[in-house]
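# Structure assessment
Each chain, letter by letter, is given below.
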Amino acid sequence: MKTNSFFSIINRVKIIAGLLLLVTVSGAQAQSPAFSQYYNNPIYYNPAYTGKELGLRARMLFRHQYGGLNNSYDNIAFSFDISERNMPGAGGFGIVFLSDIDGIGLLRTNSVRLTYSTRIQISDRIVTQLGIGPSFSTRSINWDKLVFSDQIDAYGILPNPSIFTPGDENSIAYPDLSFGFLLQFHGESRHFANIVTTIGGSADHVFNPDVSFFGTRHPMPLKVKITAGGLFDNSLQYGYRFQTDRLGLKLNPGFKYEWHDIISTYSFGLNAYRSYVYLGLWGRMQQFEETNVSDIIMLAGVDIPMGNDSRIKLMYSYDFLVGDLVRITGTTHEISLIY
């Protein structure tokens, strides 16, 4: 029984270590969270998207990752942005709140980011925006939940404290900075009244802030993101003085690349909209090869008109991890609500 208890503990340690390695490789929680519905959280990914569309937008996303674990990875993001066309060269203003819980509830990060964009109208069909996003973050760790190797023997976990001395701090705070750009083309075709192509790029952690709880410096690596997407829209039905309900077809293909130190991920897929309903299918991979898809992402949602040119969009996505680890980690759920 004692031997079995020992091996049971070792296996648990191996599983946890493997899951943490999986998290690092997937890039989902390596050092900053990633969302499957990145197109519903644009100013978090790129401050240049602030105020890209006319009007006011509020977005909330909740991601519950690896639900098969006792302590899953949870992320909450809330953002708000408004366009500004009265000031020459202004694109818009925004704010992003983010909270995420890493590991098995040991590490928590909260941040707030202000975003601003400037808009340059190159021609009637081409526009570019440049964005900046200064932020402030706090990070806390619970040392009491950690178990070190010298606290484990053949009989189980010892009550004795570890000889390892934790850092002097349980929490840290640091500023950060992001930059971004986007380039957008407008057009039309015989089958689609509105075609929009957008290419964007951004860089986070520009000054490599120190995120260490110890005396030694541990800089946050630079994170680079590149996105490309298209909107093929035939959904707006025009009346005498207004646009009526969206009953036509809208297609949104997209691509996202993220590079964070030694981690690279690629996402690609297609969302389709018709008669107030969204459906989508996406894939994610660590290497750009069709045989190396690590996640399959299925999406469904509704677009509810509220009158006065406002609407609410509710979307749900289900991430299925490809491979044997799905039996341990379970699946991932993500919900977004956009006004």
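Below is a summary of the structure that appears in this document. (Residues numbered from 1 in each chain as written. Predicted model: local features only at pLDDT ≥ 70, side-chain atom pairs only at ≥ 80, totals over all residues. Heavy atoms only, no water.)

Our focus in this paragraph is the pattern of salt bridges. A complete count under the given rule lists eleven salt bridges for this structure. Between Arg 125 and Glu 188 there is a salt bridge, with its nearest N and O atoms 3.0 Å apart. On the criterion of sequence distance, the pair formed by Arg 125 in the loop between β4 (107-121) and β5 (126-141) and Glu 188 in the loop between β8 (171-187) and β9 (194-204) is long-range, its members being 63 residues apart. Classification of Arg 125 as partly exposed rests on a relative accessible area of 41%. Because the salt bridges share partners, they merge into one network encompassing Arg 63, Arg 284, Asp 295, Asp 319 and Glu 334. (Salt bridge = Lys/Arg side-chain N within 4 Å of Asp/Glu carboxyl O. Helix = DSSP H or I, 4+ residues; strand = E, 2+ residues; numbered from the N terminus. Buried < 20%, exposed > 50% of the residue type's maximum accessible area, 1.4 Å probe, protein only.)

Our next topic: unusual backbone geometry. We note that Asp 261 has phi near 65 degrees; this positive angle belongs to a residue other than glycine. As for its placement among the helices and strands, Asp 261 is situated in the loop between β11 (249-260) and β12 (263-274). One non-glycine residue with positive phi stands out, namely Tyr 276, at about 75 degrees. Examined against the element boundaries, Tyr 276 turns out to sit in the loop between β12 and β13 (277-285).

Next up on the list: empty space enclosed by the protein. Here the structure, examined in full by the defined rule, presents five cavities of 30 Å³ or more. The space that makes up the largest cavity amounts to roughly 290 Å³. Taken together, 25 residues line the largest cavity, and the ones lying closest to its centre are Ser 32, Leu 98, Ser 111, Ser 137 and His 205. Elements supplying a minimum of two residues to the lining of the largest cavity: β3 (90-102), β4, β5, β8 and β10 (223-233). No other element matches the five residues that β3 contributes to the lining of the largest cavity. Here the lining of the largest cavity is built from residues that sort into eight nonpolar, nine polar and eight charged. (1 Å grid on protein atoms, 1.4 Å probe; cavity = no way out; pocket = protein on both sides within 12 Å on 5 of 7 lines; lining within 4 Å. Points joined across faces, edges and corners; volume = space filled by probe spheres on them. Nonpolar A, V, L, I, M, F, W, Y, C, P; charged D, E, K, R; others polar.)

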